[in-house]
Amino acid sequence: MIDLGALWLTIKLSLITSLILLVVGIPLAYYMAYSKSPFALILEVITTLPLVLPPTVLGFYLLILFSRNSPLGSLLENLLGLRLLFTFEGLVVASVIYSLPMMTHPLISGYRSVPKNLIEASWTLGKSKLETLIRVILPNMKSSILVGLVLSFTHTLGEFGVVLMVGGNIEGQTRVASIVIYNAVEAIDYKTAHIYSAALLLLSFFSLVALYLINRRWFL
Amino acid sequence: MIRVKVKKKLHGVKGDFWLEVDFEMGAHFVVLLGPSGSGKTTLLRSIAGLETPQEGYIEVNGSVWFDSKKGINLPPQKRQVGFVFQDYALFPNMSLLENVMYGMKIKDKGKALELLKKVRLELLKDKKPHQISGGQRQRVALVRALAREPQILLLDEPLSALDEDLRATMQEELKNFQREYAIPTLMVTHSWEEALKLADRIIRIEEGRIKEEVKPKRTPLKFIDKRLEGEEVVLTVSIEGKVWELSINKKDLLQGVSKIAPS
């Protein structure tokens, strides 16, 4: 019987990551979509970097950053007792950074697709920027929010390079599905590789099917 | 009483120019008339607080909304305006009733329903904006603006998206509303015909400046009869007790009558 623990761990990691990204992404993308400051542009570039960088490069820098010898690493460990290297918590943080553009990109285009005069109408009707965001902007970009959630979920599912660098290969902690597949192929255990690969494929496929189905119903 | 003094730099097709206007108005229907790109909409948006003039002073019923000298610039949320956008800007995620209630300071469902009833839309209250016609959307946008109990009603070419027949009906409805609520109203249009029909006062703007002010005279005209003679439509009307026959070419009638010659 094949141990599916790593699969559940991967799903748990992806769920937590995409939910955190939703909370982080909504204000972050709001700023990037509407601010005219040059800093917003720089921020847009920085948050897009994980998309183009080789995951090993990102993983390498995170490894340095999370290590006990770095200022951040020692601060987190001394202050909160939080260790990010080779732990599940560290994987969550790394995945949030790795999948950030998968959330911010759909959200930014979602924000920009909401007609300006809906926002202005809300202001002239006496509503603050926050209330306008909650009651007018977000409800009118539901499909972008869903795209962001599903893309960051599926993107995290297949994460490999970053995990290998900062997570290592600890069972029940950091050994995710993609690493199990790699290990299995190395050990010529094709059965395990097949099962895990098929599981990831189906999970990604049906997440996307759900996304397209829901979006279509919203538009029709 | 409303005082508006605005100076703002605009970027036009033929280069930059200054929008520079200064006027006062009461609870009348004032129409800002001018070609597109003359600064009318910018003026309206400046009053609503959606744009900031370089210099100016805006006072509405005793409270100062904008004063560049004193550095006062209330945000749109704090200015009590009812703004009707050219494409209505109804919230697609809300029903008509929710749209009308959105801007109310005290949520009063009864009052919102009453307003919808006034524009004959109470039966459609649970519909979404995309499920109703253009004229109906226009009415919802109008009562949504009124539900906020604004100090001034700002209308940005509110009828331009409607077809001819509907526009005439809506003009009448708009005028009646303004009379009933006695609310100071500033409407932007580029149509003389519309301005003459609706305005108590017309302010004509060109390239950012006030060119002239017109007070359309309205002579009580009573309709008696109409008949067709070839290409001419002959109307029998009475003006101040005297009976006139007006003959108007059909073509002119379709384009909107510019002058009426008694026959």
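Residues numbered from 1 in each chain as written. Chains lettered and ligands numbered in written order. Predicted model: local features only at pLDDT ≥ 70, side-chain atom pairs only at ≥ 80, totals over all residues. Heavy atoms only, no water.

Caption draft 1: Expanded view of the confidence of the model for chain B. Per-residue confidence for chain B gives a mean pLDDT of 88; residues scoring 70 or more make up 92%. Mean pLDDT across the elements of chain B bottoms out in helix H7 (residues 250-255) of chain B (66) and peaks in helix H2 (residues 96-102) of chain B (97). (pLDDT = per-residue confidence, 0-100. Helix = DSSP H or I, 4+ residues; strand = E, 2+ residues; numbered from the N terminus.)

Caption draft 2: Representation of helix H8 (residues 142-157) of chain A in the model. Counted at 1.5 Å a residue, the expected span for H8 of chain A with its 16 residues is 22 Å, and the 23 Å between its end C-alpha atoms agrees. For H8 of chain A, the full list of buried residues reads Ser-143, Ser-144, Ile-145, Leu-146, Gly-148, Val-150, Ser-152, Phe-153, Thr-154, Thr-156 and Leu-157 of chain A. (Expected span 1.5 Å × (residues − 1). Buried < 20%, exposed > 50% of the residue type's maximum accessible area, 1.4 Å probe, protein only.)

Caption draft 3: Representation of the pattern of salt bridges in the model. All names here are of chain B. Under the criterion given, the structure shown has 20 salt bridges over all chains. We note a salt bridge from Lys-111 to Glu-149, for which the minimum N-O separation is 2.7 Å. Taken together, the residues Lys-111 in helix H3 (residues 109-118) and Glu-149 in the loop between helix H4 (134-147) and strand E8 (152-156) connect sequence positions 38 residues apart. Exposure remark for Lys-111: the relative accessible area of 26% places this residue in the partly exposed category. (Salt bridge = Lys/Arg side-chain N within 4 Å of Asp/Glu carboxyl O.)

Caption draft 4: Main features of the packing of aromatic side chains. A complete count under the given rule lists 10 aromatic pairs over all chains for this structure. Measuring from ring centre to ring centre gives 5.6 Å for Phe-177 of chain B and Tyr-181 of chain B, while their planes differ by 15°; the resulting arrangement is stacked. Of this pair, Phe-177 of chain B and Tyr-181 of chain B both sit in helix H5 (residues 164-181), 4 residues apart, roughly one helical turn. By the ring-pair criterion, three or more aromatic residues cluster together here, those being Tyr-30, Tyr-34 and Tyr-111 of chain A. Seen from the ring of Phe-88 of chain A, Lys-12 of chain A lies directly overhead, with NZ or CZ sitting 4.6 Å from the centre. (Phe/Tyr/Trp six-rings, centres within 6.5 Å; stacked < 30°, edge-to-face > 60°. Lys NZ or Arg CZ within 6 Å of the ring centre and 35° of its normal.)

Caption draft 5: Region of interest: the domain arrangement of chain B. Annotation of chain B at the domain level lists domain 1 (1-80 + 178-216) and domain 2 (221-255). Each of domain 1 of chain B and domain 2 of chain B has a C-alpha centre, and these two points are 37 Å apart. (Domains from an automatic or database assignment.)

Caption draft 6: Quick peek at the nonpolar core. Grouped together as the largest cluster of nonpolar side chains are 76 residues, with contacts concentrated most on Tyr-111 of chain A together with Leu-43, Leu-154 and Leu-186 of chain B. Top element by residues in this core is helix H5 (residues 88-113) of chain A. It accounts for 11 residues. Apart from residues no more than four positions distant in its own chain, Leu-186 of chain B is found in contact with Phe-23, Met-25, Val-30, Leu-32, Leu-44, Ile-47, Leu-153, Leu-154 and Leu-155 of chain B. Residues Phe-29, Val-84, Leu-96 and Val-119 of chain B belong to the second largest nonpolar core, which totals 37 residues. (Core = buried A, V, L, I, M, F, W, Y, C linked by side-chain atoms within 4.5 Å. Contact = heavy atoms within 4.5 Å.)

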